[in-house]
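Inside the fold
The residues making up each chain are set out below.
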Amino acid sequence: MFDFDLTMPLMAVQFLLLTALLNAVFYKPLTKVLDERDAFIRGSQSSAKDNLAKAESLVEEYERQIALARKESQSVVEKAQAEAREIVSQKTAEAQSAAIAQKEKAAQEIQQQKESALSTLEQQVDSLSRQILEKILGAELVK
Amino acid sequence: MLSSFTILNSFTLAELEVGEHFLWKIGNSTVHGQVFLMSWIVIGVLLIASLAATRNAQTIPGGIQNFMEYALEFIRDLTRNQLGEKEYRPWVPFVGTLFLFIFVSNWGGALIPWKLIKLPSGELAAPTNDINTTVALALLTSLAYFYAGFRKKGLGYFKKYIEPTPILLPIAILEDFTKPLSLSFRLFGNILADELVVAVLVLLVPLFVPLPVMALGLFTSAIQALVFATLAGAYIHEALEGHGEEEH
């Protein structure tokens, strides 16, 4: 069972040869493949990270723009509303003043007509009262 | 050893022949042919799998490349856990080849009924159930960690023997002998014992009963490969760091 002979050194040499051979056909090429894949994965990972950061900054930029546009639109709406309110109040005031002027004019006219009517009425009252007097007292007495 | 039992079984998938070898003569000495045949099969499997995985390497892996990448990442993690992020890269091939060679040897020996292939003497089995193989691997591990220590610190590497106190010098020296000894005998004993238990059970009850033990054997085989590679990594790490600064 423990019979040592030339098998041992030959086996050692053979093992070293196997190590050298496997180093050439197995360890080196496959390690290279693994390292290259690692590098590739790391590269694509970092570029993906870059892309992600770029996309995030774009999103931020767009959100900023959206917020800006929203603010602008809000201010436009507010301005328009204020203008509309001003126009409304202006028109209302104009209409009111026009109405008041018309009312005054109408009142003046009424007053005028009333006065003229009253004056004609007075004349008529005069003549009528004279006629009544004449009728009652007779024409000679009236003069 | 127990070959008289095999007479009872007309059909044998496993036979116990511990200590019998298919000897080849090289000059004055001999080598264990069955160990080399099996180790060539293991090496062939590893090389073919590697070539198939890397022949047409894609950024998005599929099939065998995916599997071998999984194996490589497992080995890299194992080495990194032992040696630390800074030092592990140059040691991945050594520790990884230890793991792959032992693992494929163990499983190849356990999963494939090699008994169907007749050899003039001895039998095909996992190369790791021969003490020569395990001692070779363990001595290479020792050389590796000495090499690691000397390359990192030069002769200052010897300071670790008298630090923190020279009283421990004999134990520190003894450690350099016990490390390869325990490494080689652990692996050798586990694999040989596993194959023996399975063989004995197959001789006694050829059907179904050995299956749980075989499953256990597969588990042990994988664990032993992991233990060998992990300990090799730990020893190299120890040589790189030195005794005094083990706690980071």
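Here the residue numbering is sequential within each chain, running from 1 through the sequence in written order. Here the convention is simple: chains get letters from A, ligands get numbers from 1, in the order in which they are written. With pLDDT at 70 or above as the cut-off, local features in this predicted model cover only qualifying residues; side-chain atom pairs require 80 or more to be listed or tallied, and sums for whole chains, interfaces and linings still use all residues. Note that the side-chain values use all heavy atoms of the structure and ignore hydrogens as well as water.

So, the overall build of chain B
- When helices and strands are tallied, chain B shows six helices and two strands.
- Put simply, DSSP marks the helices as runs of H or I at least four residues long and the strands as runs of E at least two long, and each gets a number from the N terminus on. Overall, chain B shows an N-to-C arrangement of helices and strands of β-β-α-α-α-α-α-α.
- Exposed residues in this analysis have more than 50% of their type's maximum accessible area, buried residues have under 20%, and partly exposed residues fall in between, with area computed by a 1.4 Å probe over protein chains only. Split into buried and exposed, the 248 residues of chain B put 47% on the buried side.
- Sequence separation of at least 24 residues holds for 68% of the intrachain contacts in chain B that already meet a minimum separation of 6.
- In the structure as shown, chain B presents an accessible area of about 12600 Å², 69% of it carried by carbon and sulfur atoms. What makes two residues a contact is simply this: any of their non-hydrogen atoms within 4.5 Å. We get accessible surface area from the Shrake-Rupley algorithm with a probe of 1.4 Å; when it comes to residues, only the shown protein chains can shield them.

Points about the interface of chain B and chain A
- Contact with chain B, which involves 50 residues of that partner, is made by 29 residues of chain A.
- The term buried area refers to how much accessible surface (probe radius 1.4 Å) is lost by two components on association, counted for both of them together. Interface of chain B and chain A: buried area, both sides summed, is about 3600 Å²; carbon and sulfur atoms make up 76% of it.
- Criterion for a salt bridge: a side-chain nitrogen of Lys or Arg within 4 Å of a carboxyl oxygen of Asp or Glu. In this structure, Asp 35 of chain A engages Arg 89 of chain B in a salt bridge whose closest nitrogen and oxygen atoms are separated by 3.4 Å.
- N or O atoms closer than or at 3.5 Å make up a polar contact, with two conditions inside protein: a donor-capable atom paired with an acceptor-capable one, and, for residues adjacent in sequence, both atoms drawn from side chains. Taken together, the connections running from chain B to chain A amount to eleven residue pairs in polar contact (both at pLDDT 80 or more).

Remarks on the environment of Asp 38 of chain A
Residue and element names in this part refer to chain A.
- On the secondary structure map, Asp 38 appears in helix H1 (residues 7-137).
- Assessed through its relative accessible area of 37%, Asp 38 is described here as partly exposed.
- The sequence separation of Asp 38 and Ala 106 amounts to 68 residues, and the corresponding C-alpha distance is 100 Å.

Here we look at the confidence of the model for chain B
All names here are of chain B.
- Values of pLDDT, the confidence the predictor places in each residue, fall between 0 and 100. Across chain B, the average pLDDT comes to 82, with 90% of residues at or above 70.
- The secondary structure element of chain B with the lowest average pLDDT is strand E1 (residues 23-26), at 79, and the one with the highest is helix H3 (residues 92-111), at 90.
- With pLDDT under 50 throughout, residues 1-14 is counted as low confidence; its partners more than four residues away or in other chains account for 17 contacts.
- Contacts for the low-pLDDT stretch residues 244-248, under 50 throughout, to residues beyond four places or in other chains number three contacts.
- The complex model carries a pTM of 0.72, and its ipTM stands at 0.80.

Thoughts on the packing of aromatic side chains
All names here are of chain B.
- Paired rings are identified among Phe, Tyr and Trp, the last through its six-membered ring, by centres lying within 6.5 Å, and are further divided according to the angle between planes into stacked (under 30 degrees), edge-to-face (over 60) and tilted (the rest). Scanning all chains against the criterion turns up 19 aromatic pairs over all chains.
- A ring pair is formed by Trp 91 and Phe 94, whose centres lie 6.4 Å apart and whose planes are at 80°; its orientation type is edge-to-face. Neither Trp 91 nor Phe 94 differs from the other in exposure class; each is buried.
- Cluster of aromatic residues (ring-pair linked, three or more members): Tyr 145, Phe 146, Phe 150, Tyr 157, Phe 158, Tyr 161 and Tyr 235.

A word on the pattern of salt bridges
- Taken as a whole and assessed by the stated rule, the structure comprises eight salt bridges over all chains.
- Salt-bridge contacts for Glu 85 of chain B lead to Arg 80 of chain B; the nearest nitrogen and oxygen are separated by 3.9 Å.
- Given a relative accessible area of 58%, Glu 85 of chain B falls into the exposed group.
- One salt bridge in this structure joins Glu 87 of chain B and Lys 152 of chain B, with 3.2 Å as the shortest N-O distance. Within this pair, whereas Glu 87 of chain B is found in helix H2 (residues 63-87), its partner Lys 152 of chain B is found in helix H4 (residues 131-153), the two being separated by 65 residues in sequence.
- Look at Glu 87 of chain B and you get buried, because its relative accessible area is 17%.
- Connected via shared salt-bridge partners are Asp 35 of chain A together with Arg 76 and Arg 89 of chain B.

Some remarks on H3 of chain B
- Expected helix span is taken as 1.5 Å per residue step, with the number of steps being one fewer than the number of residues. Taking 1.5 Å as the rise per residue, H3 of chain B with 20 residues should run 28 Å; its terminal C-alpha atoms sit 27 Å apart, in good agreement.
- Most of H3 of chain B sits out of view: 16 of its 20 residues are buried.

Section: the pairing of E1 of chain B
All names here are of chain B.
- One bridge is not enough; two strands pair if DSSP finds at least two bridges between them. In this structure, E1 lies alongside strand E2 (residues 29-32), joined through four bridges in antiparallel fashion. When the bridges of E2 are listed, Lys 25 appears paired with Thr 30.
- Where E1 folds back onto E2 in an antiparallel hairpin, the turn is made up of two residues, including Gly 27, whose phi is positive at roughly 60°.

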